[in-house]
Amino acid sequence: KAGVTQTPRYLIKTRGQQVTLSCSPISGHRSVSWYQQTPGQGLQFLFEYFSETQRNKGNFPGRFSGRQFSNSRSEMNVSTLELGDSALYLCASSLVGTANSGNTIYFGEGSWLTVV
Amino acid sequence: QQQVKQSPQSLIVQKGGISIINCAYENTAFDYFPWYQQFPGKGPALLIAIRPDVSEKKEGRFTISFNKSAKQFSLHIMDSQPGDSATYFCAAGTYKYIFGTGTRLKVLA
């Protein structure tokens, strides 16, 4: 069974540009969440999608957005990139996303974004 | 209410020793407490997880101890090996997880 796949793995963007990252969840998983990982802030929750609907959102500015498609694949977009957006962006999938299921989430290997 | 505090930030252990990492949470609504292991250049991988209805869970050399009244849980790595050298994250939540800040473990050969 394939794991969570993220593309691209590495990318360099210029300040002010926008970027789109892609995530393919584990087959059968309907919940996809995104995290930002930086040395200073650790792992921070961006948002979670379930059945194409955003159910939860972290404390990030509106420049960070996402969407989920009918096949559960997800994309996140960051517009007007800032130097501080340089980070590892991790996608995670889980089977279902009910509130009290204690779902195991499985991470992809991430997309390394460098903003110059 | 939403913080998960993890300590220590870094840990050096001799091969064969016990590594202990501690976490504390605030939100009593959290009902799932996983630990993740992350190697450089890789995404975090689930190591072991516990629910609040049990006080301890063991899988091989890895044990989670859970203290519901104190709102604390810890990871014990018995007989630590150099291959265990990685960053460990605790997390707490339901379907949205709050992660601790991570512990960088180095096991000396």
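Structure report, in brief. (Residues numbered from 1 in each chain as written. Chains lettered and ligands numbered in written order. Predicted model: local features only at pLDDT ≥ 70, side-chain atom pairs only at ≥ 80, totals over all residues. Heavy atoms only, no water.)

Our focus in this paragraph is the overall build of chain A. The secondary structure content of chain A amounts to zero helices and eleven strands. Counting from the amino terminus, helix and strand elements in chain A follow one another as β-β-β-β-β-β-β-β-β-β-β. Rg of the C-alpha trace for chain A: 13 Å, near the compact-globule value of 13 Å for 116 residues, within the 12% margin. In terms of overall dimensions, chain A has C-alpha extents of about 40 × 30 × 25 Å along its principal axes. Within the span of chain A, comprising 116 residues, buried residues form 52% of the whole. Looking at chain A alone, contacts between residues at least 24 apart form 55% of all its contacts between residues at least 6 apart. (Helix = DSSP H or I, 4+ residues; strand = E, 2+ residues; numbered from the N terminus. Rg over C-alpha atoms; globule rule 2.2 N^0.38 Å. Buried < 20%, exposed > 50% of the residue type's maximum accessible area, 1.4 Å probe, protein only. Contact = heavy atoms within 4.5 Å.)

On to the interface of chain B and chain A. With 16 residues of chain B in contact, the opposing surface of chain A contributes 23 residues. Note on chain B versus chain A: buried area summed over both sides is about 1800 Å², and carbon and sulfur give 55% of it. Our enumeration of links across chain B and chain A arrives at one salt bridge. For Lys42(B), the salt bridge identified is with Glu109(A), shortest N-O distance 3.2 Å. Along the contact surface separating chain B from chain A lie four residue pairs in polar contact (both at pLDDT 80 or more). For the side of chain B that touches chain A, the class distribution of residues is eight nonpolar, four polar and four charged. (Buried area = accessible area lost by both parts, 1.4 Å probe. Salt bridge = Lys/Arg side-chain N within 4 Å of Asp/Glu carboxyl O. Polar contact = N/O pair within 3.5 Å; in protein donor to acceptor, adjacent residues only side chain to side chain. Nonpolar A, V, L, I, M, F, W, Y, C, P; charged D, E, K, R; others polar.)

Attention now moves to the state of the cysteines. Counted according to the given criterion, the structure contains two disulfides over all chains. Between Cys23(A) and Cys91(A) runs a disulfide, and the two sulfur atoms are separated by 1.8 Å. The S-S bond linking Cys23(A) to Cys91(A) shows a torsion near -60 degrees; that makes this disulfide left-handed. Note that Cys23(A) is positioned in strand β3 (residues 19–24) and Cys91(A) in strand β9 (residues 87–94), a separation of 68 residues in sequence. Of the two residues, Cys23(A) and Cys91(A), both sit in the buried class. Two residues, Cys23(B) and Cys90(B), share a disulfide whose sulfurs are 1.9 Å apart. Linking Cys23(B) and Cys90(B), the disulfide has an S-S dihedral of approximately -95 degrees and is accordingly described as left-handed. With Cys23(B) in strand β3 (residues 19–25) and Cys90(B) in strand β9 (residues 86–93), this pair connects stretches of sequence that are 67 residues apart. (Disulfide = S-S within 2.5 Å.)

Turning to the side chain of Arg63(A), a few remarks are in order. Residue and element names in this part refer to chain A. Within the secondary structure, Arg63 sits in the loop between β6 (53–57) and β7 (64–68). A distance of 2.8 Å separates polar atoms of two side chains, one belonging to Arg63 and the other to Asp85. Residue contacts for Arg63: discarding those within four places in its chain leaves Asn77, Val78, Ser79, Thr80, Leu81, Glu82 and Asp85.

Let's shift gears to the packing of aromatic side chains. Scanning all chains against the criterion turns up 18 aromatic pairs over all chains. Ring geometry for Phe60(A) and Phe64(A): centres 5.2 Å apart, planes at 65 degrees, overall edge-to-face. Classification of Phe64(A) by relative accessible area gives buried; the value is 4%. On the numbers, 6.1 Å between centres and 20 degrees between planes, the contact of Tyr25(B) with Phe66(B) is stacked. Residue Tyr25(B) is found in strand β3, and its partner Phe66(B) is found in strand β7 (residues 62–67); the two are separated by 41 residues along the sequence. An identical accessibility class is assigned to Tyr25(B) and Phe66(B); each is buried. Ring pairs connect the aromatic residues Tyr25(B), Phe30(B), Phe33(B), Trp35(B), Phe66(B) and Phe73(B), which therefore count as one cluster. (Phe/Tyr/Trp six-rings, centres within 6.5 Å; stacked < 30°, edge-to-face > 60°.)

Before going further, it helps to examine a nonpolar patch on the surface. Judged by side-chain polarity, Ile18(B), Ile20(B) and Met78(B) come together as a nonpolar surface patch covering roughly 240 Å² of accessible area. Its location among the elements puts Ile18(B) in the loop between β2 (10–14) and β3. (Patch = residues over 30% accessible without salt bridge, like charges linked within 9 Å, V, L, I, M, F, W, Y side chains within 5 Å. Areas by Shrake-Rupley, 256 points an atom, 1.4 Å probe, with all protein chains shown as cover.)

Working note: regular strand, side chains alternate between the two faces of the sheet. Residue and element names in this part refer to chain A. Summarising burial for strand β8 (residues 74–78): five of the five residues are buried, a large majority. The pairing of β7 with β8 spans five bridges and is antiparallel. Counted as the bridge partner of Gln68 is Ser74 from β8. Here β7 folds back onto β8 in antiparallel fashion, the turn holding five residues, of which Ser72 has a positive phi close to 75 degrees. (Pairing = 2+ DSSP bridges.)

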